[in-house]
Amino acid sequence: MTARAALARIAVLTALTATLLAACGNPAPVTMPTPTPVPTATATAGAPSPTLLVTDFGADTVTFVDPSRPGRAADLGSVRVGTAPYGLAVAPDGTAWVATAEGVAVVDTRTRTRVALVPHTTRTGPVTTGEYRGGGMGIALSPDGTRAYVGVNVPGGNGTLEVVDTATRTVVQVVPVGRRPFDVDVSADGRQVHVTDHDSFDVTTVDTATWATRRIEVAPYGTEGGLGSWLKPHYTAVRPSDGALLFPFEGERLAVVDPSTGRVTVEPMTANTHQHGVTAAPDGTLYIVGAGPIDPATDAGPSLTVRAPDGSERLVPLDGPHETVTLSPDARTAYVSGGFTREGGWDGLTVVDTATGRTSRLPVGHLPLAVAVLPDRP
């Protein structure tokens, strides 16, 4: 039995009663390529910076950020949106759609005001905070901007995908999905929505014309441990070249899912750390957040993996746990949130020069979780 599998069995026995994340499985060995470390520094390249918006998972606000300003000056102020905001999607006109425990908040980022709150129609129980709270999690917009798709967590059961008409700001469709829908992604043509169901080891693919669903298991380590497993899918990137779904696991395995056939293949990775957020640049380069070790005795610390389309990887060490990552429009800068869904997060972002690996930390928000780049003002 591997050290990770042994840890899994211990964690499952000790942590299931609290329904915490734990380790699992005794997978077949995979040969890992050798990573190329990237040096870190305390400053980033001086390219023009966009304005960012982050969700404050530890508060009820979103915060505006100017990453070109030093220290606390980067924090441009906050707007109340609703309890424990999680995912975030921004339309080209600057309207932000924010998934909260109470519903989907609509924010005019130009006037910096909340203009609406679309309540969830799914029954999620009392409004609470914390990692397992009910309500909106992943969220995405259709390519034409007419719909917002939000994954809604139902504590203790399967979740839903709620479809919001962005013109009327009402929920017009509710689709059953799996447990704890961490992430929501939309195909380039808008015909499919992909919901990453963290606690059921799967992705639910939804046909946006018929609302028919297809469940695809994504479990390269198996499903041993159930709700107590660490080794579950968290966030997804859609590969620009072919629409494949990319799921990073533990800095060891990248699960590649063909949503049309349900076929899952696995490629080796190198970071050897528990991984959460992932995003893809237009050229197919992946940026993957390593949150930190499951077992500090054997696993590596937090990092950002820069994975080229050919599978080669560079690793940027990060200071402390992080959760999600987004890119500047030119992909020269990565913004990595420090909020983290579990304990141990911090109030800020790490800004990474993607060419050199140089980093700087910005103290902003309160456990910032999702990050979005706002469109330029006319």
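Residues numbered from 1 in each chain as written. Predicted model: local features only at pLDDT ≥ 70, side-chain atom pairs only at ≥ 80, totals over all residues. Heavy atoms only, no water.

A.B. asks: What is the right way to read the sheet that holds strand S3 (residues 61-65) from this model?
C.D. replies: Either a parallel or an antiparallel arrangement is found when strands of a sheet pair, and the pairing is made through backbone hydrogen bonds. Ordered in space as S4-S3-S2-S29, the four strands form an open sheet in which the pairing is antiparallel. Single-partner strands in this sheet number two, and they are strand S4 (75-80) and strand S29 (368-373). Ignoring strand direction, the axes of neighbouring strands in this sheet form an average angle of 25 degrees. Alignment of S3 against S4, held across four bridges, turns out to be antiparallel. If you follow Thr 61 over to S4, its bridge partner there is Arg 80. (Pairing = 2+ DSSP bridges. Helix = DSSP H or I, 4+ residues; strand = E, 2+ residues; numbered from the N terminus. Axes fitted to C-alpha atoms, helices over the stretch in contact; angles between N-to-C directions.)

A.B. asks: When you look at the pattern of salt bridges in this model, what are you seeing that I'm missing?
C.D. replies: Should the charged atoms of two oppositely charged side chains come close, the side chains can pair. Within this structure, the stated rule accounts for 14 salt bridges. Here Asp 199 and Lys 232 are joined by a salt bridge, their closest N and O atoms 2.9 Å apart. Here Asp 199, found in the loop between strand S14 (192-197) and strand S15 (202-207), pairs with Lys 232, found in the loop between strand S16 (213-217) and strand S17 (237-238); they are 33 residues apart in sequence, far enough to count as distant. In this structure Asp 199 comes out as buried when scored by relative accessible area, which is 10%. In this structure, the salt-bridge partner of Glu 267 is Arg 307, at a minimum N-O distance of 2.9 Å. In this pair, Glu 267 is assigned in strand S20 (residues 264-268) and Arg 307 in strand S23 (residues 303-307), connecting sequence segments 40 residues apart. Each of Glu 131, Arg 180, Asp 199 and Lys 232 takes part in a single network of salt bridges with overlapping partners. (Salt bridge = Lys/Arg side-chain N within 4 Å of Asp/Glu carboxyl O. Buried < 20%, exposed > 50% of the residue type's maximum accessible area, 1.4 Å probe, protein only.)

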